[in-house]
Amino acid sequence: MEMPTRRGFLAGTAALGGAALVAPAKAEGIPLGQAPDPVTIRPGDPRYEDLVLRRTSERFFPRPGSFRLPTTTEQVVRAVAHATREGKRVTVRSGGHCYENFVGDGAEVIIDMSAMRQVTFDRRRNAFMIEPGATLWEVFERLYLGWGVTIPGGQCGGVAAGGHIQGGGYGPLSRSLGSVVDYLYAVEVVVVDRSGRARAVVATREQDDENRDLWWAHTGGGGGNFGVVTRYWMRSPGATGDDPARLLPKPPAVTLGATIGWRWQDTTEESFHRLLRNYGEWHERHSAPGSPYASLFSPMLITRRNTGADPGAFVMVATMDGTLPDADRLLSEYVQEITAGVQGTITVEPPHRLPWLAAVKAGSLSQEDESGMFKAKAAYLRKRFTDAQIGTAYRYLTSTDHHNERAVLLLVPYGGKVNTVAPDATALAQRDSIMKAIYTVTWTDPEGEQANLDWIRRWYRAMYQDTGGVPVPGSVTDGSYINYPDVDTTDPEWNRSGVPWHTLYYKDNYRRLQQVKARWDPRDVFHHAMSVRLPDQAVSG
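Residues numbered from 1 in each chain as written. Predicted model: local features only at pLDDT ≥ 70, side-chain atom pairs only at ≥ 80, totals over all residues. Heavy atoms only, no water.

> Can you tell me about the overall build of the protein chain, naming the residues and giving the values?
In terms of helices and strands, the protein chain carries 15 helices and 16 strands. Relative to a compact globule of 541 residues, whose C-alpha radius of gyration would be 24 Å, the protein chain shows 23 Å and is just as compact. Referenced to the eigenvectors of the C-alpha coordinate spread, the extents of the protein chain come out at roughly 70 × 50 × 45 Å. Across the 541 residues in the protein chain, those meeting the buried criterion constitute 62%. Of the roughly 20100 Å² of accessible surface on the protein chain, a fraction of 49% belongs to carbon and sulfur atoms. Charged side chains of the protein chain number 60 positive and 61 negative; the gap between the two group centres comes to 3 Å. (Helix = DSSP H or I, 4+ residues; strand = E, 2+ residues; numbered from the N terminus. Rg over C-alpha atoms; globule rule 2.2 N^0.38 Å. Buried < 20%, exposed > 50% of the residue type's maximum accessible area, 1.4 Å probe, protein only. Areas by Shrake-Rupley, 256 points an atom, 1.4 Å probe, with all protein chains shown as cover. Lys, Arg positive; Asp, Glu negative; His and termini not counted. Charge placed at Lys NZ, Arg CZ, Asp CG, Glu CD.)

Quick look at the structure:
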């Protein structure tokens, strides 16, 4: 029996040129009438099918009347203005990694931002400019090789900055550095006013900026709500001077990592309980800001037990700052605490060191790696799973009542410096969690979709049966993450909590997001199944 590789581990998440020292052109630099039109691709064009397929979820096939591929802010303005004038529903995508059909559902015009992928240093704003089409791998590589800095983004390299940042992105460095949005200095957004006029607006975090509310909405408000983001500017809070190498954090020069695994054939229900209790209780003790373990990031991916002769295995990949003087001891003691009393523990990869960028690349996924038919659900955890939840997870992960090709429970460490920011300082409201739980099921036969959807819905409802089938904010859970959207939370059949979906994702920040929506998208041009609603729309819709 072969243990999962590091790439196999990361594939379960479903959802990581040189840098130029130039300042981007001003949004208003070209009069609208002189700006060239973006590339437009319609059905019948041989390029159309390639754009239909440029997405992660193979459940959804967007077929708009046209795709628009801008290369400048001015072209985005033209594309939005044209769609608005024609009364056509317009949506936007950057990396194509949305878990739900927000981009394709009813879209007549899709603005595809994949051609806008610059990562540069803007001396005028004294901040790093990132265009929304740049993938996280491109962002990490250009920032690090160009200036030795980074942002605490995610592991899926094919994910683009466009949706990742505004949804409140996180990754392996978040426990030590915070959320990506904590570094957002400014954002440029193409919006549509009440008269239907499209224009580009720059909003910053400066207290005296009259557009600051638009910046705030993009610090965790999620995509497809207010307009089309065309540029982000990133700078550390409180950073001073004009040396780019000092305006964003530096990652560890070396990453220390190890992979630990467990064979299902050696895992009893008792040892499964012990493992998840150990893991959860350790993170309860070591997720405070400033912990010696702040740099430790150790996702645990538990794949469903196979029903064949080989029941399979599951793994935990642990990485941390390899330059710490006691890194080896800390990692060793961590592994000992997690595996204490758990039989059948196997060392898949012994402790080893890699240069930081090489370690990022080793864990980065391509678009092909992440694609498939899948359904995902998620939750923030303030404390470990209860014993009853661990029992439910074991029952579903070992059950034989339903055949699926792959199902996963992924536990991802969180907290640390993320939790030093007030819940209302950014739109990202969950600021005292210790980890995220992600539930996924994947299949290849389209005929199996309904059975798989039903299975994961029942599993998720059982995990949160005490709170109406969803992770209502409380002592153990704290809602969910908008970059892992789940339309089932809007459905009373699956959300019986009496708590609206937007409370699960935005908590008390939702009313303020609605006010931003009313100011910047009063015509509700940008909307989808879980978009922020205008204040006069039903709050539960």
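Moving on from the coordinates now.
> Explain the packing of aromatic side chains to me, using residue names and the numbers behind them.
If you walk through the whole model with that rule in mind, you get 30 aromatic pairs. Both rings, one in Tyr-396 and one in Trp-459, keep their centres 6.3 Å apart while their planes meet at 10°; by these two values the pair is stacked. Of this pair, Tyr-396 sits in helix H12 (residues 387–398) while Trp-459 sits in helix H13 (residues 449–463), and the two are 63 residues apart along the sequence. Of the residues examined, Trp-459 reaches a relative accessible area of 0% and is grouped as buried. Here a set of aromatic residues connected by ring pairs shows up, and it is made of Tyr-99, Tyr-170, Phe-374, Tyr-380, Tyr-414, Tyr-481 and Tyr-484. For Arg-235, the ring lying beneath its charged end belongs to Tyr-185, and the centroid distance is 4.1 Å. We note Lys-436 situated over the ring of Tyr-170; from NZ or CZ to the ring centre the distance is 3.8 Å. (Phe/Tyr/Trp six-rings, centres within 6.5 Å; stacked < 30°, edge-to-face > 60°. Lys NZ or Arg CZ within 6 Å of the ring centre and 35° of its normal.)

> Describe the state of the cysteines, with residues and values.
Under the counting rule described, the total for this entry stands at 0 disulfides. For Cys-156, which is in no disulfide, the shortest distance to another cysteine sulfur is to Cys-98 and amounts to 14 Å. In this structure Cys-156 comes out as buried when scored by relative accessible area, which is 8%. (Disulfide = S-S within 2.5 Å.)

> If you had to explain the nonpolar core to someone new, which residues and values would you point to?
With 107 residues, the main nonpolar core has Met-234, Tyr-334, Phe-385 and Tyr-439 as its most contacted residues. For this core, the leading source of residues is H13, giving 7 residues. If we ignore the near neighbours within four places in the chain, the residues touching Tyr-334 are Tyr-279, Trp-282, His-283, Tyr-293, Leu-296, Ser-298, Met-316 and Ala-318. Counting residues in each nonpolar core, the second largest holds 18 residues, with Tyr-170, Val-181, Ala-378 and Leu-428 among its members. (Core = buried A, V, L, I, M, F, W, Y, C linked by side-chain atoms within 4.5 Å. Contact = heavy atoms within 4.5 Å.)

> Can you explain the packing of helix H8 (residues 269–285) against helix H9 (residues 327–339)? Please cite residues and give values.
Between H8 and H9, the least distance of the axes is 7 Å, while the angle of their chain directions is 135°. Judged by the inter-axis angle, H8 sits oblique to H9. Contacts from Leu-275, Asn-278, Tyr-279, Trp-282, His-283 and Arg-285 of H8 reach H9 at Tyr-334, Glu-337, Ile-338 and Thr-339. For the contact of H8 with H9, the class distribution of residues is 5 nonpolar, 3 polar and 2 charged. (Axes fitted to C-alpha atoms, helices over the stretch in contact; angles between N-to-C directions. Parallel < 35°, antiparallel > 145°, perpendicular 65-115°, else oblique. Nonpolar A, V, L, I, M, F, W, Y, C, P; charged D, E, K, R; others polar.)

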